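Below are the chains, spelled out letter by letter.
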Amino acid sequence: MNVLLNDMAEQEKLNQFIARIEAGEKIEADDWMPEDYRGTLIKLISMHGISEIMGALPEKEWVPKAPTLNRKLGIMAKVQDEMGHGQLLLRVAEDLLKPYNKKRDDLMQDLFKGDLKFHNVFHMEAKTWGDAGLIGWLVDGAAIISQTNMLGASYGPYARALLRICAEEVFHAQHGEAIIMALAEGTEEQRKLVQDSINYWWESLLLFFGPPSKKEVGSSKQDVTIKYRIRTSTNEELRQAFFSKYVKRILSLGYTIPDETLRFDKESETWIYQQPDWGKLKVYARNEGPLSQERLSLRRISYENNKWVREALAPKVI
Amino acid sequence: MGNDSLKDIAIKELLLHLADDDFIHSYRGAEWLGLAPHIEEDVASSSIAQDTMGHAAIYYKLLEEIGVGNADQLAHDRPAKERRNAIILEVVNGPGYYMKDPEYDWAFAVVRNYFYTQAKAIKLQSLHTSSYEPLAEVAQKVQMELYYHLMHWKMWFVQLLGSGHEEAVSRMKAAIEKTLQDFAGVFSLGQYGEEMVELGLIEGEADLQKKWIEAVSPIFESVGLATTFEIRMAKGDGRNGKHTEDLEKALETLSEVYASDKAASW
Amino acid sequence: METRQKTYFEEFEVFSRKTQTSPVQYHFSLLAPNEDIAIMMAQENFMRREAVDDIWVVKRQNIRKMTAEEKKTLQRLDNKDYRTTKGYGYLKKKWRKYEQEMLDEKEIMSWAGGVKNGE
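Residues numbered from 1 in each chain as written. Chains lettered and ligands numbered in written order. Predicted model: local features only at pLDDT ≥ 70, side-chain atom pairs only at ≥ 80, totals over all residues. Heavy atoms only, no water.

We now examine the overall build of chain B. Regarding its fold elements, chain B presents eleven helices and zero strands. Taken against the 2.2 N^0.38 rule, which gives 18 Å for 266 residues, the C-alpha radius of gyration of chain B at 18 Å falls within 12% of a compact globule. If you line up chain B on its principal axes, its C-alpha atoms span 60 × 40 × 30 Å. The buried share of chain B, taken over its 266 residues, is 61%. A fraction of 75% describes how many contacts in chain B between residues 6 or more apart in sequence connect residues 24 or more apart. (Helix = DSSP H or I, 4+ residues; strand = E, 2+ residues; numbered from the N terminus. Rg over C-alpha atoms; globule rule 2.2 N^0.38 Å. Buried < 20%, exposed > 50% of the residue type's maximum accessible area, 1.4 Å probe, protein only. Contact = heavy atoms within 4.5 Å.)

Structure representation (structure tokens):
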């Protein structure tokens, strides 16, 4: 009898919850939410957050090397923002993790153990100053497309964090464009830096949006995130938006895209393109990408080296 | 530059001290990006590294304005022996490289940052009344940002030393000793120091150092440290072009892209 | 007695005020071992690109928030004109009869800089 009552109460809560998000209301951290919703958010936001933290590393490599004082300042500010975005997102994830009694330290451990994944693009090597520019221009461009898609997310704290993040991403994109523009209008060598970067990053950019459906990699979170009004568009719609915004810009600078089949099909109003090797997503998820281990190692070393600081300043038990 | 008066040389040298100090200090700060004890601190200390690079850029610009060279060229294209920064500021953050196995020491970062920022604040105070007006003006502006830098590093210094945590205290003490070994280099005015003082560009080394000791002594006392300072210049005087391999390696990194095409626009 | 896990990561909520007369605004939360470190982190983490006049940090456990149940108490009927100037708007017409202007909000707030004498 009690069990039945409980079930009914749960069902009622669920109905109310669905009604709330369908009415466009925001769910807050302390509100009741279905476990499935919480779990989906935790997965999405902790991965998003840790990706920002890991994403600071490839660009950080180029901070001291940036070729002018002004570029040094610009890229330093950008890396700072990436860390800042990680801070915002991890705070959101940490609040969601409360019922499981997990904290930031646990998220770091999850990262080190390989349980918490980070985005495919941040497993790649940033080999040249051209790559540093391209990350700002196109990787951030892709990130802007996927993040603006979630600005209306039903989970209030995530939506608010994204609003802050997207505002800063506009600066990032322009910072990337400025680097690319200088190279594109520069010497032959400089121009080539950009083409090489486009060639190296293109496939990663397509992978970034995730597979079109379950069948490419065996699972996809997109349906459930759409159901819960966390995002509105599918992976494929986002990828198409990326093509629509960026292909013409790349071509206008006189560069080519390493996909001879790429074209806009007027009839279906979609971009036709060479499918990337979806299997690579699984490789990166296992932390077996080109620089996965090196990046994790940097993070791990710094975490270990600073352990004494955290110990020394931890408040004494009350 | 053969016809430069002694005054021109003294001004140029002093500007190079200031510019090169902040430039290399900011680089050491930037190496910490992504590696600080926690994310919030990573973001906060990045602002300090940025401000500091901004200050270096202001001084290089002053040098550019008096015809010493283009600011970017001055920052990127001078070999170690022409650099004027204090040696303590070029010392690596710890073993390893910022991209591989950086075994960095937060205690050394805190101590060096606190000591340097305090010294910088004292110098800027002195520069307020510099007879070289463009520098006096700049000093007032730059000082505005130092309130935060100083408070930030002082807080870390006091908290870690006051934590009662054995490892923290011993690391901090070791870092203090290490930093003081070469900290006199920060006050050094180099071979044109006497002229600088005579011309009223800045106060003398001994005065600057005395004021620094006065400023840090109460902080030392508050965490139970002795205030007998032995401030040395063990590795030599960076103001006169003496430097270590640490600087050479840093410059290689700092100018890698710039040097790939010095004529290009980046 | 409260037993708490010993941790470097305490939660602080960050607020700021843009100018001396603006209301305090909430920003976000951050982790820090104590309030002195928290306040030192606040501006650079959340207000890097904006001017602020003051910053507050509050330990999250010291903020009492409303429960979902309590939020229900926030609802009001829309019948409280008597609390606002809206319920007294008819005075304007009345005063006109006596050839006087109504001392409305705009007029009264304009006295901040002093009232100009006159008959």
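Next, the rest of the story.
When its secondary structure is counted, chain A shows 13 helices and two strands. By the compact-globule yardstick of 20 Å for 318 residues, chain A fits well, its C-alpha radius of gyration being 21 Å. Summarising its shape, the C-alpha atoms of chain A cover approximately 80 × 60 × 30 Å along the three principal directions. Among the 318 residues that make up chain A, the fraction classed as buried is 58%. When contacts within chain A are restricted to residue pairs at least 6 apart in sequence, long-range pairs at least 24 apart make up 76% of them. Averaged over its 43 positive side-chain charges, chain A has a centre that lies 3 Å from the centre of its 46 negative ones. (Lys, Arg positive; Asp, Glu negative; His and termini not counted. Charge placed at Lys NZ, Arg CZ, Asp CG, Glu CD.)

We now examine the sheet that holds strand β2 (residues 25–32) of chain C. All names here are of chain C. Taken together, the three strands give an open sheet; going across it, the order is β2-β1-β3, and neighbouring strands pair in antiparallel fashion. For this open sheet the edge positions go to β2 and β3 (54–59), each flanked by a neighbour on one side alone. Taken pair by pair, the neighbouring strands of this sheet meet at an average axis angle of 30°, ignoring direction. (Pairing = 2+ DSSP bridges. Axes fitted to C-alpha atoms, helices over the stretch in contact; angles between N-to-C directions.)

Across the boundary between the two partners, chain A contributes 27 residues, which contact 25 residues of chain C. Between chain A and chain C, a total of about 2,400 Å² is buried, with carbon and sulfur atoms accounting for 52% of that surface. The interface formed by chain A and chain C includes eight salt bridges. Across the pair Arg 91 of chain A and Glu 11 of chain C runs a salt bridge, and its minimum N-O distance is 3.0 Å. (Buried area = accessible area lost by both parts, 1.4 Å probe. Salt bridge = Lys/Arg side-chain N within 4 Å of Asp/Glu carboxyl O.)

Counting residues in each nonpolar core, the largest one holds 205 residues, and the members touching the most others are Tyr 158 of chain A together with Trp 106, Trp 156, Phe 157 and Trp 212 of chain B. No other element matches helix α5 (residues 106–127) of chain B, which puts 14 residues into this core. Those residues within four positions of Trp 106 of chain B in sequence are excluded, and the remaining contacts are Asn 306, Trp 308 and Val 309 of chain A together with Trp 32, Ala 36, Pro 37, Glu 41, Trp 153, Trp 156 and Leu 160 of chain B. (Core = buried A, V, L, I, M, F, W, Y, C linked by side-chain atoms within 4.5 Å.)

Our next topic: unusual backbone geometry. All names here are of chain A. If you check the backbone angles, Asn 101 has positive phi at about 55° while not being a glycine. For Asn 101, the location among the structural elements is in the loop between α3 (69–96) and α4 (104–113). Phi at Glu 269 is positive, roughly 50°, even though this residue is not glycine. Tracing the chain through its elements places Glu 269 in the loop between β1 (263–265) and β2 (270–272). Judged by its relative accessible area of 62%, Glu 269 is exposed.

Across all of its chains, the model carries 38 aromatic pairs over all chains by this definition. When the ring of Trp 212 of chain B is compared with that of Phe 229 of chain B, the centres are 5.8 Å apart and the planes differ by 70°; the resulting orientation is edge-to-face. Placement of Trp 212 of chain B in helix α9 (residues 205–222) and of Phe 229 of chain B in the loop between α9 and α10 (245–254) is noted, with a sequence separation of 17 residues between them. As far as the burial class goes, Trp 212 of chain B and Phe 229 of chain B line up, both buried. Through successive ring pairs, a cluster of aromatic residues spans Trp 202, Phe 208, Phe 209, Phe 242, Phe 243, Tyr 246, Phe 264, Trp 271 and Tyr 273 of chain A. It is Lys 65 of chain A that lies over the ring of Trp 62 of chain A; its NZ or CZ is 5.0 Å from the centre. Sitting over the face of the ring of Tyr 303 of chain A, Arg 310 of chain A holds its NZ or CZ atom 3.7 Å from the ring centroid. (Phe/Tyr/Trp six-rings, centres within 6.5 Å; stacked < 30°, edge-to-face > 60°. Lys NZ or Arg CZ within 6 Å of the ring centre and 35° of its normal.)

A word on a nonpolar patch on the surface. On the surface, Leu 103, Ile 108, Met 109, Trp 111 and Val 115 of chain C cluster together to form a nonpolar patch covering roughly 490 Å² of accessible area. Tracing the backbone shows Trp 111 of chain C in the segment after α4 (105–109). (Patch = residues over 30% accessible without salt bridge, like charges linked within 9 Å, V, L, I, M, F, W, Y side chains within 5 Å. Areas by Shrake-Rupley, 256 points an atom, 1.4 Å probe, with all protein chains shown as cover.)

Position of Ser 26 of chain B among the secondary structure elements: in helix α1 (residues 6–31). According to the relative accessible area criterion, Ser 26 of chain B is buried, its value standing at 1%. C-alpha of Ser 26 of chain B to C-alpha of Met 155 of chain B: the two residues are 129 residues apart in sequence and 19 Å apart in space. Setting aside residues up to four positions removed in sequence, Ser 26 of chain B forms contacts with Met 76 of chain A together with Ala 49, Thr 52 and Met 53 of chain B.

Quick look at the packing of helix α6 (residues 156–184) of chain A against helix α7 (residues 188–208) of chain A now. Residue and element names in this part refer to chain A. Viewed as axis vectors pointing N to C, α6 and α7 meet at an angle of 130°, and their least axial separation amounts to 7 Å. Considering the angle they form, α6 stands oblique to α7. Contacts from Ile 180, Leu 183 and Ala 184 of α6 reach α7 at Gln 190, Arg 191, Leu 193 and Val 194. In terms of residue class, the contact of α6 with α7 is built from five nonpolar, one polar and one charged. (Parallel < 35°, antiparallel > 145°, perpendicular 65-115°, else oblique. Nonpolar A, V, L, I, M, F, W, Y, C, P; charged D, E, K, R; others polar.)

Our next topic: the environment of Ser 163 of chain B. Looking at the element boundaries, Ser 163 of chain B is found in the loop between α6 (133–161) and α7 (166–187). For the pair Ser 163 of chain B and Leu 62 of chain B, spaced 101 residues apart in sequence, the C-alpha to C-alpha distance is 43 Å. If we ignore the near neighbours within four places in the chain, the residues touching Ser 163 of chain B are Ala 312, Leu 313 and Lys 316 of chain A together with Ala 168 and Val 169 of chain B. At 2.8 Å, the side chain of Ser 163 of chain B and the backbone oxygen of Leu 160 of chain B are in polar contact. (Polar contact = N/O pair within 3.5 Å; in protein donor to acceptor, adjacent residues only side chain to side chain.)

A separate point is the interface of chain B and chain A. At the interface, 55 residues of chain B touch 45 residues of chain A. Taking both sides of the interface into account, the surface hidden between chain B and chain A amounts to around 4,200 Å²; carbon and sulfur atoms contribute 66%. A salt bridge links Glu 256 of chain B to Lys 65 of chain A, with the nearest nitrogen and oxygen atoms 3.2 Å apart. If you list the elements that add at least two residues to the side of chain B that touches chain A, you get α1, α2 (39–65), α3 (71–76), α5, α6, α7, α10 and α11 (256–260) of chain B. In terms of residue count, α2 of chain B provides more of the side of chain B that touches chain A than any other element does, twelve residues in total.

Moving on, we get to α6 of chain B. The terminal C-alpha atoms of α6 of chain B lie 40 Å apart, and with 29 residues this matches the ideal 42 Å at 1.5 Å per residue to within 8%. At Glu 145 of chain B, α6 of chain B is bent by approximately 35°, the largest bend along its length. (Expected span 1.5 Å × (residues − 1). Bend = angle between axes of the 7 residues up to and from the residue.)

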